[in-house]
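A structural walkthrough
Next come the chains, spelled out residue by residue.
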Amino acid sequence: MNSPKDFLPPTPDSARTIDIVNRGLPRRYRAERRFKIYGVVAICLSLAFLGLLFVTIVGKGYSAFWQTEIKLDIAFDRAFFADALLADANYGAMVKAALSERFPDVSGRRDKRALYDLVSPGAAFQVRKKVIKNPALVGEVQSLWLLANDDVDMLVKGHIDRQLPEGARRLKDNQLAWLDQLDREGRLRKAFNVNFFTNGDSREPELAGIWGAMVGSFYTLTVTLLLSFPIGVAAAVYLEEFAPKNFWTDIIEVNINNLAAVPSIVFGLLGLAVFLNFFGL
């Protein structure tokens, strides 16, 4: 119910206060509009820089989704399997024999080593996998697309300048000539890099993949979710609803705030220093 004071005319002081507020409202509205514009501009700039980051990453790294392969006629000679199981045969020698047969004029240890370097060390494992999957290949000759060396891959992708002097590039003139011959014969191609998604870490760039990192990240996130989520929610409910306000709960809340404010990499480096340097693990 309204009191009699509500119907009284405004006093001069209150009238002056209302006039001051009304005069300041347009300025406050303009400031609020500017603040909104600044916020929108900041968000747009953030999204633009984020897009630029992704474009840069994709622009520089998209070629990793493609990998150079060399087609060789592998002779699964029974002599390679005479005294060994299928898994223990000398598959590297089969790859070298195929290269020597493709380039019979190459002689000398240095030239042969340069020829064999055109193919990745992982090519032997590709041949091994084929034979184990299909033992009927023993005694046969089959054309296989095998992984090229990382230097060959960089050349095909245009990251090595052929015009540089021989001493300034990783591939020699004779290797370029052999690759040109393979290309003319249709034995050089770029194929989708399945190994990038199925392989783990490797010293050989053409064999390296992200499978180990993906699996490790998945298990880390899974374990963290299963352990941290229920414990974190239960601790938050207890601290806010049931725990008494005292010295110990204040310490716990301060530490929780520190954990939330400090980047996790800092705690990781701290733990690394403690466990390695102090405990010697």
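In case you missed it, the structure is sitting above this.
**Here we look at the packing of aromatic side chains**
Counted by the stated rule, this structure contains eleven aromatic pairs. On the numbers, 5.6 Å between centres and 75 degrees between planes, the contact of Phe65 with Phe196 is edge-to-face. Taken together, the residues Phe65 in the loop between helix 1 (12–61) and strand 1 (66–75) and Phe196 in helix 7 (residues 195–198) connect sequence positions 131 residues apart. Given the relative accessible area of 34%, Phe65 is considered partly exposed. Each ring, one from Phe65 and one from Phe197, has its centre 5.9 Å from the other, and the planes form 20 degrees; the classification is stacked. Pair noted here: Phe65 is in the loop between helix 1 and strand 1 and Phe197 is in helix 7, with a separation of 132 residues, a long-range link. Put simply, the rings of Phe65, Trp66, Phe192, Phe196 and Phe197 touch in pairs and so form one group of aromatic residues. Looking at Arg189, its charged tip hangs above the ring of Trp145, at a distance of 4.2 Å from the centre.

**Side note on the sheet that holds strand 1**
Taken in spatial order, the three strands of this open sheet run 2-1-3, and their pairing is antiparallel. The strands lining the two open edges of the sheet, one partner per strand, are strand 2 (141–147) and strand 3 (188–192). Adjacent strand axes in the sheet meet at a mean angle of 40 degrees, parallel and antiparallel pairs treated alike. Two elements, strand 1 and strand 3, share five bridges in a ladder whose sense is antiparallel. Counted as the bridge partner of Thr68 is Lys190 from strand 3. Against the sheet, helix 4 (residues 123–133) engages strand 1 and strand 2, with an angle of about 135 degrees to strand 2.

**A short note on the layout of surface pockets**
By volume, the largest pocket is sized at about 580 Å³. Listing elements by their share of the lining of the largest pocket, those giving two or more residues are strand 1, helix 4, strand 2 and helix 7. Examining the composition of the lining of the largest pocket, we find that six residues originate from one element, helix 4, more than from any other. One number sums up the size of the second largest pocket: a volume of about 240 Å³. Mapped by element, the contributors of at least two residues to the lining of the second largest pocket are strand 1 and helix 5 (150–156).

Analysis parameters
- Residues numbered from 1 in each chain as written.
- Predicted model: local features only at pLDDT ≥ 70, side-chain atom pairs only at ≥ 80, totals over all residues.
- Heavy atoms only, no water.
- Phe/Tyr/Trp six-rings, centres within 6.5 Å; stacked < 30°, edge-to-face > 60°.
- Helix = DSSP H or I, 4+ residues; strand = E, 2+ residues; numbered from the N terminus.
- Buried < 20%, exposed > 50% of the residue type's maximum accessible area, 1.4 Å probe, protein only.
- Lys NZ or Arg CZ within 6 Å of the ring centre and 35° of its normal.
- Pairing = 2+ DSSP bridges.
- Axes fitted to C-alpha atoms, helices over the stretch in contact; angles between N-to-C directions.
- Contact = heavy atoms within 4.5 Å.
- 1 Å grid on protein atoms, 1.4 Å probe; cavity = no way out; pocket = protein on both sides within 12 Å on 5 of 7 lines; lining within 4 Å.
- Points joined across faces, edges and corners; volume = space filled by probe spheres on them.

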